[in-house]
Amino acid sequence: MFHLFGNILTSYGTAANNRGENEGNITPLQKLIWKGEVHTTISSEAIRWALRYYWQNVGYPVNRRWNENAQPVADHVWQDPNFDDIRFIDDDVLGFMQTEAAKVEASDESEGESEGASQNENKKSSKGKDKQTSPRKGKQKPKGKITARRGVLEVTRAVSMIPFMGDITFNAVSGVKRQNSLYATEIHATRYQYGFALTPDSLKDKSRIHAVLDSLISIGEVAGNHARFLYDFSPESIVLRWTHDFSPRFLYCFEQDELGNLSVSNLVRQVEVGDIDPKELWIGGLISQGLEDLGANVFPGVKSAVKALKQVIAEDLQLSPGSD
């Protein structure tokens, strides 16, 4: 059984997109403690949204179509509320879950049990000393319904390559100023890295692995606020692994020193000690410089690396030529 693992590094830019809860007039970024320091982060949910939006724009059938013109705010429009992982690529790749409440509320059930108990007590009284009564039959609690499919594509949170130093921009609306006319936004000049995993045998349509790779190298805008803080989320560098191994072993493999130099030293070490077969690796983009002697499939560009891997995947999974 084959598995596809990947680690992606975005381009450098000023990010103010995946925001947290407002603190007064300040719009903060989401943060976490990473290796003992504060880093900004972008959720996997935001990345998954961008993948679905890419599929919608290039013509794949998606169940949750994004309607930019919905009022009062943009929102998803369901094509089939019952889901269809054969017809819709997002239902197949990203999974779904829908819960339905029980038909009878717990309060109604309790009232029914109370009435039954009162009737039994009255019967006991009328029979006097006759203590033998038929046992009360307990009601079976009504159950809700869950319709679910586990997402085949697993995505990590994106983490900034450098710690967050607290940069804030101060802004004001145009025209007459009011109490809420002044506002501030946290920004972070950085790259982000994130990883993913996918087992194509778990897909209803294995050929959709190609659409997943295409979307991962093509998404541009992840999360919101791009009208004022456009951030390019497409890969500047990518490391892919096509393997029978169940573990990725190289998530968050990109490193950046104080001078801004990028490296994958731990990935190189794992290859050298035999934990990762270099023939299973496809490396593309800026990070490929200097890795030509690693023994991996190394390409100067991200797209060329993905194109070469897709050919190998098609052969290994015996996909038809028209399935790409």
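A. Here's a closer look at the overall build of the protein. From N to C terminus, the protein includes six helices and 20 strands. Per-residue burial over the protein gives 43% buried out of 324 residues. If you sum the accessible surface of the protein, you get close to 18,300 Å²; carbon and sulfur atoms cover 48% of it.

B. Fine view of unusual backbone geometry. Located in the positive-phi region is K35, a residue other than glycine, with phi close to 55°. Relative to the helices and strands, K35 is located in the loop between strand 4 (31–34) and strand 5 (37–42). With a phi close to 70°, F83 is a non-glycine residue in the positive phi region.

C. Spotlight on the sheet that holds strand 3 (residues 26–27). Here we have three strands laid out as an open sheet, ordered 3-13-12, and mixed in their pairing. Each having just a single partner strand, strand 3 and strand 12 (168–172) make up the two edges of the open sheet.

D. The arrangement of the nonpolar core in detail. In terms of nonpolar packing, the biggest core is built from 45 residues, with W55, L153, Y194, I219, F233 and W242 touching the most fellow members. Taken together, the elements giving at least two residues each to this core come down to strand 1 (3–10), helix 1 (44–58), helix 2 (89–93), strand 15 (192–198), helix 4 (208–216), strand 16 (235–243) and helix 6 (302–316). Of all the elements, helix 1 adds the most residues to this core, at six residues. Here W242 is in contact with F2, H3, L4, P200, I209, E280, W282, L309, V312, I313, D316 and L317, once residues within four sequence places are set aside. Residues A197, V271, L281 and L291 belong to the second largest nonpolar core, which totals 19 residues.

E. The packing of helix 1 against helix 4, seen in detail. Their axes nearest at 9 Å, the elements helix 1 and helix 4 cross at an angle of 110°. Taken together, helix 1 and helix 4 sit at an angle that is classed as roughly perpendicular. Side by side, helix 1 and helix 4 meet where L51, Y54 and W55 of the first sit next to A211, V212, D214, S215 and L216 of the second. A class-by-class count of the residues in the contact of helix 1 with helix 4 yields six nonpolar, one polar and one charged.

F. Fine view of the side chain of T41. Mapped onto the elements, T41 comes out in strand 5. A residue is classified by how much of its surface remains accessible, and T41, at 3% relative accessible area, is buried. Engagement of the side chain of T41 in a polar contact is seen with the backbone oxygen of A158, the distance being 2.8 Å.

G. Structural detail: helix 4. Along helix 4, nine of the nine residues are buried, which leaves the element largely enclosed by surrounding structure. Listed in full, the buried residues belonging to helix 4 are R208, I209, H210, A211, V212, L213, D214, S215 and L216. Considering only its buried residues, helix 4 is in contact with strand 1, helix 1, helix 2, strand 15, strand 16 and helix 6.

H. Fine view of the side chain of Q270. With respect to the helices and strands, Q270 occurs in helix 5 (residues 265–272). In contact with Q270, not counting residues within four places along its chain, are R249, F250, D275 and I276.

I. Representation of the packing of aromatic side chains in the model. Taken as a whole and judged by the stated rule, the model has seven aromatic pairs. In this structure an aromatic cluster arises from ring pairing among Y192, Y194, Y231 and F233.

J. Representation of the environment of A74 in the model. Tracing the chain through its elements places A74 in the loop between strand 6 (64–67) and strand 7 (75–78). Setting aside its immediate chain neighbours within four residues, A74 contacts W66, N67 and E68.

K. Structural view of the pairing of strand 15. By the criterion of burial, strand 15 is predominantly enclosed, with seven of the seven residues buried. Burial along strand 15 is two-sided: the residues Y192, Y194, F196 and L198 and Q193, G195 and A197 are all buried. Looking at chain direction, strand 1 and strand 15 are connected through six bridges and run antiparallel. Its bridge partner lying in strand 15, L4 is registered against L198.

About the thresholds
Residues numbered from 1 in each chain as written. Predicted model: local features only at pLDDT ≥ 70, side-chain atom pairs only at ≥ 80, totals over all residues. Heavy atoms only, no water. Helix = DSSP H or I, 4+ residues; strand = E, 2+ residues; numbered from the N terminus. Buried < 20%, exposed > 50% of the residue type's maximum accessible area, 1.4 Å probe, protein only. Areas by Shrake-Rupley, 256 points an atom, 1.4 Å probe, with all protein chains shown as cover. Pairing = 2+ DSSP bridges. Core = buried A, V, L, I, M, F, W, Y, C linked by side-chain atoms within 4.5 Å. Contact = heavy atoms within 4.5 Å. Axes fitted to C-alpha atoms, helices over the stretch in contact; angles between N-to-C directions. Parallel < 35°, antiparallel > 145°, perpendicular 65-115°, else oblique. Nonpolar A, V, L, I, M, F, W, Y, C, P; charged D, E, K, R; others polar. Polar contact = N/O pair within 3.5 Å; in protein donor to acceptor, adjacent residues only side chain to side chain. Phe/Tyr/Trp six-rings, centres within 6.5 Å; stacked < 30°, edge-to-face > 60°.

Any functional reading would require information beyond the geometric quantities listed.
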